[in-house]
Structures are given as structure tokens and as C-alpha cells.
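Listed below are the residues making up each chain.
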Amino acid sequence: MSGARAIRRQHQDAGDRPFIVIWESTRACPLACLHCRAEAVPDRDPRELDTDAAKDLLRQVAAFGQPAPLFVITGGDPFQRPDLNELISYGQEVGVRVAVSPSGTPTLTGERLREAHDAGAVGLSLSLDGSTAELHDGFRGVPGVYRWTLEAWDTARAMGMKVQINTTVTRHNLHDLPDVVRLVRDHGAMLWSAFFLVPTGRGRHLGVLTPAETEDVLNFVYDVGLTVPAKTTEAHHFRRVALQRAILADTGDDHVEVLGLGPLYRELRARSAELGLDAGGRRARRPPLDVNAARGFVFVSHTGTVHPSGFLPLGAGSVRTRPLAEIYRTSELFTGLRDADGLGGRCGRCEFRRVCGGSRSRAYGVTGDPYAEEPWCGYQPGSFPHQRELAALLPGAGRPAAEGPVVPHPRGPRR
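First things first, this report covers the structure right here in the doc. These figures come from a predicted structure and were not determined experimentally.

Topic: the nonpolar core
Part 1 of the reasoning: Counting 104 residues, the largest nonpolar core has Phe71, Trp153, Trp192, Val217 and Leu324 as its most contacted members.
Part 2 of the reasoning: The element contributing the most residues to this core is helix 8 (residues 238-251), with seven residues.
Part 3 of the reasoning: Those residues in contact with Trp192 that sit more than four places away from it in its chain are Ile165, Thr167, Val180, Val181, Val184, Phe220, Val221, Val224, Val228, Pro229, Ala230 and Lys231.
Part 4 of the reasoning: Judged by nonpolar contacts, the second largest core, of six residues, contains Ile20, Ile22, Leu70 and Phe299.

Description of the pairing of strand 4 (residues 123-127)
Part 1 of the reasoning: Along strand 4, four of the five residues are buried, which leaves the element largely enclosed by surrounding structure.
Part 2 of the reasoning: Pairing analysis gives two bridges linking strand 3 (residues 98-100) to strand 4, with the strands arranged parallel. Looking across to strand 4, one finds that Ala99 is bridged to Gly123.
Part 3 of the reasoning: Assessed by its sense of winding, the connection that carries the chain from strand 3 through helix 3 (residues 110-119) to strand 4 is right-handed.
Part 4 of the reasoning: Here strand 4 runs beside strand 5 (residues 162-169); their pairing, made up of five bridges, is parallel. In the strand pairing of strand 5, Leu124 is matched with Val163.

Some points on the packing of helix 6 (residues 177-187) against helix 7 (residues 211-224)
Part 1 of the reasoning: Contact geometry for helix 6 and helix 7: axes closest at 12 Å, N-to-C directions at 25 degrees. When the interaxial angle is binned, helix 6 and helix 7 end up roughly parallel. The interaxial crossing formed by helix 6 with helix 7 has right-handed handedness. In contact with Leu177, Pro178 and Val181 of helix 6, helix 7 contributes Val217, Phe220 and Val224.
Part 2 of the reasoning: Here the contact of helix 6 with helix 7 is composed, by residue class, of six nonpolar, no polar and no charged.

Concerning the packing of aromatic side chains
Part 1 of the reasoning: Following the criterion strictly, the structure yields five aromatic pairs and no others.
Part 2 of the reasoning: On the basis of an interplanar angle of 65 degrees and a centroid distance of 5.6 Å, the ring pair of Tyr328 and Phe334 is categorised as edge-to-face.
Part 3 of the reasoning: Residue class for Tyr328 comes out buried when judged on its relative accessible area of 0%.
Part 4 of the reasoning: Grouping aromatic residues by their ring pairs yields a cluster made of Phe64, Tyr328 and Phe334.
Part 5 of the reasoning: It is Arg338 that lies over the ring of Tyr328; its NZ or CZ is 4.7 Å from the centre.
Part 6 of the reasoning: The ring of Trp376 is capped by Arg362, whose NZ or CZ atom sits 4.3 Å from the centre of that ring.

Thresholds, definitions, all that
- Residue indices follow the written sequence of each chain, beginning from 1 at its first position.
- Residue-level local features of this predicted model are given only where pLDDT is at least 70; pairs of side-chain atoms are given and counted only at 80 or more, and the full residue set underlies all totals for whole chains, interfaces and linings.
- Side-chain measures here rest on the full set of heavy atoms in the structure, leaving out hydrogens and waters.
- Only buried residues count toward a nonpolar core. Its members are Ala, Val, Leu, Ile, Met, Phe, Trp, Tyr and Cys residues joined through side-chain atoms within 4.5 Å.
- Only protein chains enter the accessibility calculation, which uses a 1.4 Å probe; a residue is then buried when its area is under 20% of its type maximum, exposed when over 50%, and partly exposed in between.
- Runs of E in the DSSP output that reach at least two residues are strands. Runs of H or I that reach at least four are helices, and both are numbered from the N terminus.
- Whether two residues touch is decided by their heavy atoms; if any such pair falls within 4.5 Å, the residues are in contact.
- Whether two strands pair depends on DSSP finding at least two bridges between them.
- If the strands point away from the viewer and the path from the first strand over the helix to the second runs clockwise, then the crossover is right-handed.
- Where helices are involved, their axes are fitted lines through C-alpha atoms of the stretch in contact, as for all axes, and angles between N-to-C directions lie from 0 to 180°.
- Throughout, the term roughly parallel applies to angles under 35 degrees, roughly antiparallel to angles over 145, roughly perpendicular to angles from 65 to 115, and oblique to all others.
- Helix crossings get a hand from a simple test, with the near helix turned counterclockwise from the far one by less than a right angle marking a left-handed crossing and a clockwise turn marking a right-handed one.
- Put simply, Ala, Val, Leu, Ile, Met, Phe, Trp, Tyr, Cys and Pro go in the nonpolar bin, Asp, Glu, Lys and Arg in the charged bin, and everything else, Gly too, in the polar bin.
- Centres within 6.5 Å are what make two rings of Phe, Tyr or Trp a pair, Trp counting through its six-membered ring; a difference in plane orientation under 30 degrees is then read as stacked, over 60 as edge-to-face, and the rest as tilted.
- Either the NZ atom of lysine or the CZ atom of arginine qualifies as a charge over a ring when it sits within 6 Å of the ring centre and within 35 degrees of the ring normal.

Below, the structure written as C-alpha cells:
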């Protein structure tokens, strides 16, 4: 892949409309996942958006204009809502594509999947956090989740549904990642997403990765992109890695040496070779999409509060009292996070800041400041050796980003 095609840009103005809207339809879920952002509970909250309020939310998403953002119904477990299929159908009525992200529980039956598919769900997102039942069920807190997940995965694929597999990257499965990718290759998926833990909810108590380990894993994800379509979640510096690797491939440099990759990368690569994952199979990698919290992404909680990300608990208003489009386009929190020049520390000085920007959720989770530098990134601004080649690929070098109105950081300059 040449550097010019290493990153996908959003077709729409990211300051005008998001690429994706995630709705936490409920926090009810029978699992006890170690990393749960929502700190899910067994029963539904009476403050949840009811059916009428949820339909109003879908109309608000449609009001962004066509094509409307993708609307993902998540939780908790969205199958705990008896009106789920009614809402999926209503999305079709108002011109909003709806995908579903259920939990791997006994509710995830072939019949329920067929009903969601018949109602118009365009895709399914499932979590797989280990290549074995021991690893996955141990992380999810309930025996049998691994089996239910694989059965639902195969059933959805047989129906013709698009399936995305999400893997939370933590210390419990760092060395198992190639085996997870093998399952993705063998069972088939539209996309594999490596989700890098954000210390929020129950995830506050899990071990963190070092910046060096993060770099090793990001480069592993890049490598397996020729075997399975791969992306990252809450690891926005994967876009930096994609640009670096594309340029180094063009120049013929050794990426391991130039990027200073470590023993974890070598181990992951060796295991990939044992599993035949280095044989490729795809003609081109899937370029990562340039999306970040508040910049193409918006999260609506089960009670209707609006957040830049589900892992960034700062609110900007409620869809019960203010239109979602107005909150997204004009709130100080959203417009501030869209200003790459308002970032602090290394992120604010980094030449990659307009295609990366770091995880605002992790910055907040670790420091309490959503504008702080990305804690899991070890890149030193300006250290990449091919700055001339890089400059030709970066948007808006030396001037403010063009995604929308630029609002200063509420506490002033971040340098």
C-alpha cells in the first residue's frame, strides 16, 4: 500500500455530521466482564430511553442528513430490550442503517439473530477476547460465553450478515492475539477490531500496556491486515503506524529497526508465521478510517446523555432536551476536541495530530484531562526519519484542522 492510500478520510465534514452514532440501549446484561465500561447490571434502568424516546433519537440521527450516520445499538445487552426489532425496523423507515452489538449470552440465539436480520439490521458486532473458552470465559465472567459467541458468529455469517469481531487487548491475551486472528480468518468476518483498553468502569482495575508494548501490538495488527481486514479501537495512533509502515515499505527501510520494535512484536510475528498468518491472502490492507472522539464519533447513553465516546464520561447535553445534531456541531466539548491544536503535551506538538490525536478517552481516564497527551503512545514528535515524504501525506500541515469550527481549550493554550 502506498502512503497516499494508507489512511481513509471521512467523506463528510466531521464537524457537521458523525460517521457513526453508538447508542447504549441498556446497561442490563447477565455477564460480568472484567473490563466493562458500563459496569453492567442484571436489570434494566427505569431511566432508559423508552421506545418513543428511542424512535425520536433515530429521527435525530436521520436529521444529520443523507447518508445518515451508521447507528449501532449496543449495551449492556441490547437483546434485553423487547422493542429491539421494532427500533431496527423504524431505523429503516427513517433512512438510518442500524447494526447491533449484543453480548454473548443465552439470548444470542439463532432465532433472535434471524429476527434482527429480518427487521433490517445491517451488521453484527461480537466480542472475542481469547482463542479458547478458558481465556474468553474467564475474561467475560460466565462459563459458556465462548461457545455462544462462536455459534452466533457462524449463524450470522450463514444468514449473510456482516460480522465484526472485537478483541479487547489486555495483559490476559497479549500473547494469544495471533490465535484470535486465526479464528477470524477461519470463521470469516467483515472486520477484526483490536480494542485497546481504556481505564474506565471495571477496566480501571486491569493491568495497562506500556507504550513500547502498544507499538508492538499496533505493528502486529498492521501486519495481519493482509490476512484479515483489521482495525483498532481507542488506539488512534494506529493511523500513525499505517503511514509510517507505508512510507518505510516505499523506501525499503527495515520497520523493526526504524521503529524500534521489541520482543513482543517478534514473538507475535513468529507465532503468526507458525499459524500461516504471514501468508496474507488479501491483496491490500483495509486503510484505517480517520475517526476520533467527537470527530466523526458520538455516543448516546442509556439515559440520553451525549458523550464524545462511550469511554469518555464527560457529557455535552441530552437528546431529551436538545437535538443531537446541535450538540455534536456546537457544544464546547465537541468543538474543542475537534481542534487538534488544542491538545496538550506530545500530542499537541506531534506532526501526526490531525490524523491521530490520541485516545481522548484514555487521556481522561489516566489524567482527568481529555486534552492531555495519549498515555499509551511513546512516539516523540519529529523523530520519524522521512519527514519530507510524510509531510506530503498529512492534511493541513501548519494550519488549523478543517473539520469544523475551532474553539479554544476552555482553560487556554495547552503548551
